[in-house]
Amino acid sequence: MKQHDLVGSDILNIRRFFAFIGVYIVLISQFLVFSQPADEAFFLPPYTWLAGIGVLILVTSQIMPEFSFLKRWSDSFIFTERVFWVLAGTLFSALAMLATYFFAIFTRVNYIPVITVWLLGVACYVYAFLPSMDSSVIKPSALAWFKENRTEILLILFITLLAFAVRFYKLGGLPRVLDGDEGAVGLAAQNTINGLLTNPFATWDNFGAIYLQLINFSFKVFGVTPFGLRLLPAIGGVLAVPCIYLLGRSIGGARIGLLAAFLVAFSHSHIHYSRIASVAYIQGTWLAPLELYFLWSGLKKRVTWRTALGGALLAVHISVYLTAQVVAGMLVVFTLVGFIFYRDWFKQRLSQMSAFWGGFVVTMLPSAMFIYLQPNEFFARLGNDGTFQSGWLELTMQSTGQSAVEILVGRVMHAFLSLIYFPAIDFYGSPAPMLSMISTTMFLAGLGIALWRLRNPAYLLLYGYFWGATVAIGVFALPPSADSYRMLMAMPSAMIMAAIGLDEILKMFGLGWEQKRQAYVVSTSIVLSSLVVFNLWTYYADFVGRCRFAENTAGRFASYLGSQIYEIDNQQQIYLLSDAVFIHGTHPSTSFLSRSRSVINVPELLDTFNPISNEVLIAPPSRIEELEVWARAHPGGDLHYQYDCDVEMLLMYVVP
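First, a word on what this report is: a plain description of the structure on this page. (Residues numbered from 1 in each chain as written. Predicted model: local features only at pLDDT ≥ 70, side-chain atom pairs only at ≥ 80, totals over all residues. Heavy atoms only, no water.)

### Some points on the packing of aromatic side chains
Part 1 of the argument: Inspection of the entire model under this criterion finds 49 aromatic pairs.
Part 2 of the argument: Seen in terms of ring centroids, phenylalanine 207 and tyrosine 211 are 6.3 Å apart; in terms of plane orientation they differ by 15°. Their pairing is stacked.
Part 3 of the argument: You can call phenylalanine 207 buried: its relative accessible area is 2%.
Part 4 of the argument: Classification of tyrosine 211 by relative accessible area gives buried; the value is 4%. (Phe/Tyr/Trp six-rings, centres within 6.5 Å; stacked < 30°, edge-to-face > 60°. Buried < 20%, exposed > 50% of the residue type's maximum accessible area, 1.4 Å probe, protein only.)

Given below as structure tokens:
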């Protein structure tokens, strides 16, 4: 009697293929059923017949006879294990793409099955390139690997722990206020439970819906609070440390990786953007290095599953923030330049590079469907802030008389200088540039050394990473004042170059690791200790300690107003003594912090206004004195001040 079990069968590959087709058809039927409203008029739900066909194919796959032609087909290339898993990954991702389309039509809001199938597709694609379990290459045990690398592992864990400490210290309370964009992000995150943003592959102002949904999950766990809002940026800031270490190590070795990780761990600008939710560029400082690490390590070692995973991560990055678009564009150029100028090296790694872009395309399918259906939403930021789309370039050419080339070169130079020279104002407010003077010196040295080493493809990737981000910001993004925080995209590459610069400078001075290890350790310790002191003082003392965050007094007042409103009993009517500057409703941070509590603006003088008992009057800085005078004339109520770094920011009076 013949055995038709999968194990040991001569037509194993064909059985597996038809079993998958059966399961896939059942999945399609379930998505079609789920995407339509339930109807009691049907004896069976729609598309039940399709599920029946799928089950029939699944069962048939296990009982089909082992004909000789089936045995020949089973051994052919199209039924091999790798082809099967690549096909399975592609079909799962395509199913997720179609499901997002049908769910959007029928306004379904639970996309967990879609995400599950999508992730299955990614897993199948990467699994296709994993080495065989029966490989003759014996891998060392995890314990042996740890013993061999324990010093390095413990060092990077210690640096990551320090990064965690400086990013999570009083996370919800420092900075003391939210800026308007943080409030807008918080409100958008709460709107992911219905409407367009229930689709995890949608975007809002180039924030990926997946990212916003994770923020909303944080709200459910930690409450709708500044801490809940800022949790994901802080996590992203911490993750950047080991990810930059991995990329730096794969390019320049362990010392470069550790130095780069330490530099980013205590960068004052990286700490700041890890502690606010206004922009999501901070997520690109761990996602992009991780993507590039898997790409480069896979190319260097010719390990295909690594590059496949790198491509998949880049597509996931698309659903987080727009920084992925810049990385994707840079890697297209890197691929073309590599095949032109490093042809012999790249030809040997053609399969790895193909797996990378294959992983990107397969994982990108659901996002591609959203882009096709909502192109204006996906490209909204370019339309509003784009150099070309907004008409800014033409207007600047007319007003200055300069050519387009002169203006764009100037913009690229401005973006570059925003990293090392111009103060970081937008969404920050620090008088210091993104990099300190010492870090800049190290970075410029590393920039030159990396240029000298461009014959090595690793440095081509590093150089492309930095200049790709810098040129993209300078050429395509506005306004120039925003260059500083956008240059976060280039910071990981800058930190790796700074690490290379420090390492090479010490070597040139005769204090290199191979020459004099004790002198090397002492020298780097002095430099890094100085940077720790400077960066922590710059952020915690000179910036947060002096209440510099938010664009102006009105922006800071909006947060104090929202927090104060939230503490007031819901039964009490609230009035804001408004004027031309301080008006309720101008800053989303007020709505977020107050949970959208209503407030009535009162622009007229208090003497002409007659509030009743237990109503609440709130005065901004410009009208505090007026409310104080009125309160003296109407004593008996509760008077409460709010201070912003010893400056009176708000006065509340509960009418007696």
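### Points about the state of the cysteines
Part 1 of the argument: For the structure shown, the criterion picks out 1 disulfide.
Part 2 of the argument: Here cysteine 547 pairs with cysteine 645 through a disulfide, and the sulfurs are 1.8 Å apart. Around the S-S axis, the bridge from cysteine 547 to cysteine 645 shows a dihedral of about 80° and counts as right-handed. Note that cysteine 547 is positioned in the loop between α25 (517–541) and α26 (553–567) and cysteine 645 in the loop between β6 (638–644) and β7 (647–654), a separation of 98 residues in sequence. (Disulfide = S-S within 2.5 Å. Helix = DSSP H or I, 4+ residues; strand = E, 2+ residues; numbered from the N terminus.)

### A closer look at helix α13 (residues 304–318)
Part 1 of the argument: An ideal rise of 1.5 Å per residue puts 21 Å on 15 residues; α13 measures up with 22 Å between its terminal C-alpha atoms.
Part 2 of the argument: By the criterion of burial, α13 is predominantly enclosed, with 12 of the 15 residues buried.
Part 3 of the argument: Looking at the packing, one finds that the buried side of α13 touches α5 (112–127), α12 (281–301), α14 (323–341), α16 (350–373) and α17 (375–378). (Expected span 1.5 Å × (residues − 1). Contact = heavy atoms within 4.5 Å.)

### Observations regarding the sheet that holds β6
Part 1 of the argument: Pairing in this open sheet of 5 strands is mixed, and the strands run β4-β3-β5-β7-β6 from one edge to the other. Strands with a single pairing partner mark the edges of an open sheet, and in this sheet they are β4 (600–601) and β6.
Part 2 of the argument: Strand direction decides the pairing type here: strand β5 (residues 616–619) and β7, joined by 4 bridges, are antiparallel. In the sheet register, isoleucine 618 faces β7, and the bridge partner there is methionine 652.
Part 3 of the argument: Together, β5, β6 and β7 form the strand contacts of helix α28 (residues 624–633), whose direction differs from that of β7 by roughly 35°. (Pairing = 2+ DSSP bridges. Axes fitted to C-alpha atoms, helices over the stretch in contact; angles between N-to-C directions.)

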